[in-house]
Amino acid sequence: MKKKIIILVFFIIILAILSGFYFFKQDKYIDLPENIKNNIEKNNQLSNEQIQKKLITDDFEITLPMGWEQTVPAIGTSAMAINKEEKSDDPTIQKINFKSYFAVSYDILQGKNLNGYLQNIKNTLSQTISNVVFTNEQDLLVNNKSARAVEAQLTQQGVDFKVLMIVIEGQEDDVWVISFNTTESYWDNYKGIFSDIVKSFILKK
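Since this is a predicted model, take the numbers as computed values, not measurements.

Thresholds, definitions, all that
- Residues numbered from 1 in each chain as written.
- Predicted model: local features only at pLDDT ≥ 70, side-chain atom pairs only at ≥ 80, totals over all residues.
- Heavy atoms only, no water.
- Pairing = 2+ DSSP bridges.
- Helix = DSSP H or I, 4+ residues; strand = E, 2+ residues; numbered from the N terminus.
- Axes fitted to C-alpha atoms, helices over the stretch in contact; angles between N-to-C directions.
- Contact = heavy atoms within 4.5 Å.
- Buried < 20%, exposed > 50% of the residue type's maximum accessible area, 1.4 Å probe, protein only.
- Polar contact = N/O pair within 3.5 Å; in protein donor to acceptor, adjacent residues only side chain to side chain.
- Expected span 1.5 Å × (residues − 1).
- Salt bridge = Lys/Arg side-chain N within 4 Å of Asp/Glu carboxyl O.

Visitor: For the sheet that holds strand β4 (residues 79–83), give the residues involved together with the corresponding values.
Guide: The antiparallel open sheet is built from seven strands, whose spatial order is β3-β4-β5-β9-β8-β7-β6. The open sheet has two edge strands, β3 (68–71) and β6 (133–142), and neither has a second partner. The mean inter-strand angle of the sheet, taken between neighbouring strand axes irrespective of direction, is 20°. The sheet contacts of helix α4 (residues 114–128) involve β5 (101–108), β6, β7 (145–156), β8 (159–169) and β9 (174–183), and relative to β8 the element is tilted by about 155°. Helix-sheet contacts for helix α5 (residues 187–200) involve β3, β4, β5, β6, β7, β8 and β9, and the interaxial angle to β9 is about 160°.

Shown next as structure tokens:
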């Protein structure tokens, strides 16, 4: 399964950044950035203005904000969605055709806890990207499921990116990973949207 983790990280983050996209509560969040924390705790449901439709699989469902569309998932992922309406004036971002997106993936813990599993992902990323910096790693709950979140900052092809990864315990040894990827310039605009998407994630079993 170590190979699967490498595939997950490589395709979700590295491939998307380097190649660009050609396709187009009781829950307690501890010390997450205030915009994320406040948005999650403020409402129990997404506002009607943000709801477009749900991305539904046999295993889970998650709500897509307005303007976001499901797309063909990369290898190692269960589902992906991209903000097809996003437009940047930055020529460097335009050159790589990057648009903000999120991906949902499945894996198994192999006896590790969430801390250990997330540390494996961080180690792999650090080995692959020399300038990656991790911040704001915290425990949280996602619809009564134990989870752990971490943010990452990295620079590729002259663009500063920010990533939010949430690892969520499923049944028995199952683990689900939601990875949100955007540019640093858009981060403040998306923090509330990312929190709403996480809040809408429901495992069917």
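What follows continues from the structure just given.
Visitor: Break down the side chain of Asp107 for me, citing the residues and quoting the values.
Guide: Along the chain, Asp107 turns up in strand β5. A relative accessible area of 2% places Asp107 in the buried class. A polar contact is formed between the side chain of Asp107 and the side chain of Tyr117, at a distance of 3.0 Å.

Visitor: Hey, could you go over the environment of Ile75 for me, with residue numbers and the actual values?
Guide: Among the secondary structure elements, Ile75 is positioned in the loop between β3 and β4. C-alpha of Ile75 to C-alpha of Ser105: the two residues are 30 residues apart in sequence and 9.7 Å apart in space.

Visitor: Account for α4, naming residues and giving values.
Guide: Spanning 15 residues, α4 covers 21 Å between terminal C-alpha atoms, matching the ideal 21 Å at 1.5 Å per step. Sitting at the amino-terminal end of α4 is Asn113, which places a side-chain oxygen 3.2 Å from the backbone nitrogen of Asn115.

Visitor: Quick one: what's the story with the pattern of salt bridges, residue by residue and with numbers?
Guide: It is possible for side chains bearing opposite charge to pair when their charged atoms get close. Throughout the structure, instances matching the rule amount to eight salt bridges. Salt-bridge contacts for Glu69 lead to Lys84; the nearest nitrogen and oxygen are separated by 3.9 Å. With Glu69 in strand β3 and Lys84 in the loop between β4 and α3 (91–96), this residue pair connects regions lying 15 residues apart in the sequence. Since its relative accessible area comes to 32%, Glu69 is described here as partly exposed. As a salt-bridge pair, Lys122 and Glu137 come within 2.6 Å of each other at their nearest N and O atoms. One end of the pair, Lys122, is in helix α4; the other, Glu137, is in strand β6, and 15 residues separate them in sequence. Judged by relative accessible area, Lys122 falls into the buried class, the value being 11%. Through salt bridges with shared partners, one network takes in Lys122, Glu137, Asp139 and Arg148.

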